[in-house]
Amino acid sequence: MSASDSTNSDELASAAKALDDLVEEAIQIYELDKEKTNITDELYNSLRTITSYLGFSIDVDPALLNLPQYTRIILMPSLDLLIIKSNFKSEQKRLDQLSLDEISNILKLIIPNIINMARSDRVLKNQKIAFVREATKRLKRLPGSSTEDMIVNNASLHVEGV
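Keep in mind that what you see is a predicted model, and the values were worked out from it rather than measured.

> Would you mind going over unusual backbone geometry with me for this structure?
Peptide bonds are mostly trans, and most non-glycine residues show a negative phi. Although it is not a glycine, Leu 79 adopts a positive phi angle of roughly 65°. Within the element layout of this structure, Leu 79 appears in the loop between strand S2 (72–75) and strand S3 (80–84). For Phe 88, which is not glycine, the phi dihedral falls at a positive 70°. Within the secondary structure layout, Phe 88 lies in the loop between S3 and strand S4 (90–94).

> Explain the environment of Ile 110 here, please?
Mapped onto the secondary structure, Ile 110 falls in helix H2 (residues 100–139). Relative accessible area serves as the criterion here: at 0%, Ile 110 is assigned to the buried category. Taking C-alpha positions, Ile 110 is 9.8 Å from Ser 57, a pair spaced 53 residues apart along the chain. For Ile 110, the residues in contact, after removing those within four places along its chain, are Ile 58, Val 60 and Leu 75.

> I would appreciate a short explanation of the sheet that holds strand S1 (residues 58–60) in the present structure.
Hydrogen bonds along the backbone pair up the strands of a sheet, which may run parallel or antiparallel. Here we have 4 strands laid out as an open sheet, ordered S1-S2-S3-S4, and antiparallel in their pairing. Each of the sheet's edge strands pairs with one partner strand only, and the pair in question is S1 and S4. Strand-to-strand twist in this sheet, taken as the mean axis angle between neighbours without regard to direction, amounts to 30°. Where S3 meets S4, 5 bridges bridge the pair, whose relative direction is antiparallel. By the bridge assignment, Ile 84 is partnered in S4 with Ser 90. Across the sheet, H2 touches S1, S2 and S3, and the angle it forms with S1 is around 155°.

> Can you help me understand the pattern of salt bridges in this one?
Should their charged atoms come close, side chains of opposite charge can pair. Applying the stated criterion across every chain, the model contains 7 salt bridges. Between Arg 94 and Asp 96 there is a salt bridge; the shortest N-O distance is 2.5 Å. Across the pair Glu 134 and Arg 138 runs a salt bridge whose closest N-O atoms are separated by 2.8 Å. With Glu 134 and Arg 138 both in helix H2 and 4 residues apart, this pair spans about one turn of that helix. The exposure class of Glu 134 is partly exposed, given its relative accessible area of 29%. One salt-bridge network, in which partners are shared between bridges, spans Glu 134, Lys 137 and Arg 138.

> Looking at this structure, how should I read the side chain of Thr 71?
With respect to the helices and strands, the residue Thr 71 is situated in the loop between S1 and S2. Not counting the four nearest positions on each side in its chain, Thr 71 is found in contact with Pro 62, Ile 83, Ile 84 and Lys 85.

Definitions and limits used
Residues numbered from 1 in each chain as written. Predicted model: local features only at pLDDT ≥ 70, side-chain atom pairs only at ≥ 80, totals over all residues. Heavy atoms only, no water. Helix = DSSP H or I, 4+ residues; strand = E, 2+ residues; numbered from the N terminus. Buried < 20%, exposed > 50% of the residue type's maximum accessible area, 1.4 Å probe, protein only. Contact = heavy atoms within 4.5 Å. Pairing = 2+ DSSP bridges. Axes fitted to C-alpha atoms, helices over the stretch in contact; angles between N-to-C directions. Salt bridge = Lys/Arg side-chain N within 4 Å of Asp/Glu carboxyl O.

Here it is as structure tokens:
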């Protein structure tokens, strides 16, 4: 065997090893892409359940999607992004159609905002419930044990009802 045959053999073995490495890397990238798709779907579906229930829409900074500053982006409760351009034409994209970087950047922005809006909504609902509870408690102190007794026993209310 000559030196050139040995060199060719080493080069071929090296090329075959490189092909094996390439196939292994491609398989790992394919698996990561599948995992990305699955995890994005899970995130999208779980978050959409929450945002649909809460019903909040949130403005998103257009720079997060590399759009001009005069573009308006609204994340709807359905997790659709409504993109309104300067010429007032609009388009819609689903959050899960974006890149991982774009999704991550948007989530970092909206999650604290959704928490604050939910907290404000909860406080307001608590106040309204407390008011209705207090009003009910005060009305129960009226003579008679129920409002039905008051209506039946009060002729003027009964006549007005007819």
